[in-house]
Amino acid sequence: MNNIFNLPFENLENYFESINEKKYRATQLYDYLYKKRTYNLDSMTNISKELRDKISKEFDFSFIEIIKKQVDIDVKKYLFKLKDGNLIESVLMYHNYGISLCVSSQVGCNMGCKFCESGRLKKVRNLETYEIVEQLLLIESDIKDRITHVVVMGIGEPFDNYDNVMNFIRIITSNKGIDLGSRHITVSTCGVIPGIEKFMQEFKQVNLAISLHAPNDEIRNKIMPISKVYKLSDLMNTLKKYQNTTNRRITFEYIMLENINDSAECAKELANLIKNINGYVNLIPYNETENIEFKRTKKVQILAFYDILKKSGINVTIRKEFGGKVDAACGQLRAKSL
Ligand code: SAH
């Protein structure tokens, strides 16, 4: 049975039309699910009993389950159990500008980035849309507050699960429901070009972040296998096209890995690579993990790298760190309980 939280608003309208019901039934149902947060069909009394029966035969209203929560000052990490027993995680971050949620898009990931702990667990399967939507619904109900920003930066490569992730975005941005602003949503990719191509046509207002992590193919090939499939020059051409189509600023994520990509030459090369793109670089202090050989670049070196970019006219920030204590930091999202 199809889960009700898989359906973007238009699909729900189409369903009602297909059974000769008025389209506004979709507005009513969305209002219960996403505004009132009522999930019990029996309490939806402005929908006839007969129709409620039909809906319950057609759709599953079940939820994934929070099985563990770890709390720090400005971060909460949630472990979810899916119906087939797989485990995924989401991380909630309290910023000065709002509350942002980092959702997972797959069980495991096939991109194989060498520095990433999450990627060590090979992809088991894509998440269905409802499994991403419910991460948000359950966490909002846990914190009794509204999430203001969503980043698709948890476990998984969103453009390796394009349709389900995009339906998730359609659902959370619908003004009939959660009504989150598209500009408050960011999708992060390691550079899957066909995904970027589609995304720029369909979601012009949603932010795009690129996990760049290297200023040239030689270094990138060593740490990110995807770059053997999609070369940097092709990626950059695609991003220029993205910019012409959407006029949006692109975020470049750049993890600082000691003696790998953190030299002054790298900084200059990076500045050169992106100087014609309206973007900004987010320098990410690497979160060291037990299993991986990479080291975090020292603070002074990060600052030196930052300075070179700044002086070359590149917008750059150093990422605030969250969740080190609860293993919720980037790349550490991995169900330890496995
Ligand atoms: N597959 C997508 C989204 C998931 S990764 C992507 O590649 O963008 C989210 C971000 O966390 C990426 O920029 C990734 O490179 C970064 N990351 C992975 N491991 C990390 C670590 N140990 N320390 C800091 N950032 C890390």
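Refer to the structure printed above.
What you are looking at is a predicted structure, and each value in this text was computed from that prediction instead of being measured. (Residues numbered from 1 in each chain as written. Predicted model: local features only at pLDDT ≥ 70, side-chain atom pairs only at ≥ 80, totals over all residues. Heavy atoms only, no water.)

## Quick look at the environment of Glu-117
- When you line up the elements, Glu-117 lands in the loop between strand E7 (106-107) and strand E8 (125-126).
- With relative accessibility at 9%, the residue Glu-117 sits in the buried group.
- For the pair formed by Glu-117 and Glu-290, sequence separation is 173 residues and the distance between their alpha carbons is 9.1 Å. (Helix = DSSP H or I, 4+ residues; strand = E, 2+ residues; numbered from the N terminus. Buried < 20%, exposed > 50% of the residue type's maximum accessible area, 1.4 Å probe, protein only.)

## Examining the pattern of salt bridges
- Inspection of every chain in the model, using the stated rule, returns 16 salt bridges.
- Where Glu-89 meets Lys-77, a salt bridge forms, and the shortest distance between an N and an O atom there is 3.2 Å. Taken together, the residues span a long stretch of sequence, with Glu-89 in strand E5 (residues 87-95) and Lys-77 in strand E4 (residues 75-81) at a distance of 12 residues.
- Given the relative accessible area of 2%, Glu-89 is considered buried.
- Note that Arg-146 and Glu-140 form a salt bridge whose closest N and O atoms lie 3.3 Å from each other.
- A relative accessible area of 4% means that Glu-140 is categorised as buried.
- Each of Arg-37, Glu-140 and Arg-146 takes part in a single network of salt bridges with overlapping partners. (Salt bridge = Lys/Arg side-chain N within 4 Å of Asp/Glu carboxyl O.)

## Details of the side chain of Glu-157
- With respect to the helices, strands and loops of the structure, Glu-157 is situated in the loop between strand E9 (149-152) and helix H5 (162-173).
- The side chain of Glu-157 sits in the buried core without any salt bridge; Arg-220 is the nearest counter-charge, 8.6 Å away.
- Polar contacts involving the side chain of Glu-157 include one to the side chain of Thr-189, which spans 2.8 Å.
- Among residues more than four places away in sequence, those in contact with Glu-157 are Ser-105, Gln-106, Cys-109, Met-111, Ser-188, Thr-189, Cys-190 and Val-192. (Lys, Arg positive; Asp, Glu negative; His and termini not counted. Polar contact = N/O pair within 3.5 Å; in protein donor to acceptor, adjacent residues only side chain to side chain. Contact = heavy atoms within 4.5 Å.)

## Some remarks on the sheet that holds strand E12 (residues 250-256)
- Taking strand neighbours across the sheet as the criterion, the 10 strands line up as E3-E4-E5-E6-E9-E10-E11-E12-E13-E14 in an open arrangement whose pairing is mixed. Two strands in the sheet have a free side with no partner beyond their single neighbour: strand E3 (65-71) and strand E14 (315-318). Neighbour to neighbour, the strand axes of the sheet diverge by 20° on average, direction disregarded.
- When E5 meets strand E6 (residues 98-102), the two strands line up antiparallel, connected through 5 bridges. Bridging across to E6, Met-93 finds its partner in Ser-100. (Pairing = 2+ DSSP bridges. Axes fitted to C-alpha atoms, helices over the stretch in contact; angles between N-to-C directions.)

## Thoughts on unusual backbone geometry
- Residues other than glycine seldom take positive phi values, yet Arg-37 does so here, at roughly 60°.
- Along the chain, Arg-37 turns up in the loop between helix H2 (24-36) and helix H3 (49-58).
- Although it is not a glycine, Lys-144 sits at a positive phi angle of roughly 50°.
- With respect to the helices, strands and loops of the structure, Lys-144 is situated in the loop between helix H4 (129-143) and E9.
- Note on Lys-144: relative accessible area 73%, which makes it exposed.

## With respect to the site of the ligand
- Close to the ligand lie 19 residues, the nearest being Ser-188, Ser-211, His-213, Glu-253 and Tyr-286.
- In this structure, Gly-156 approaches the ligand through a main-chain N or O atom, which is 3.0 Å from a nitrogen atom.
- Notes on the ligand: free accessible area 540 Å², of which the protein chains cover 96%.
- Elements represented by at least two residues in the shell around the ligand include exactly strand E10 (185-189) and E12.
- Tallied by class, the residues present in the shell around the ligand amount to 9 nonpolar, 8 polar and 2 charged. (Near = heavy atom within 4 Å. Areas by Shrake-Rupley, 256 points an atom, 1.4 Å probe, with all protein chains shown as cover. Nonpolar A, V, L, I, M, F, W, Y, C, P; charged D, E, K, R; others polar.)

## Regarding the nonpolar core
- Core analysis: the biggest nonpolar cluster contains 103 residues, and Phe-115, Phe-199, Leu-239, Phe-252 and Val-281 have the highest contact counts within it.
- Built from parts of two domains, this core gets at least three residues from each of domain 1 (2-60) and domain 2 (65-326).
- Non-local contacts of Phe-199, meaning those with residues more than four positions away in its chain, are made with Phe-159, Tyr-162, Met-166, Val-187, Lys-204, Val-206, Asn-207, Leu-208 and Tyr-242.
- The next biggest cluster of nonpolar side chains, apart from the first, holds 6 residues, and it includes Val-75, Val-91, Val-151 and Phe-322. (Core = buried A, V, L, I, M, F, W, Y, C linked by side-chain atoms within 4.5 Å. Domains from an automatic or database assignment.)

The analysis is restricted to geometry; functional conclusions fall outside its scope.
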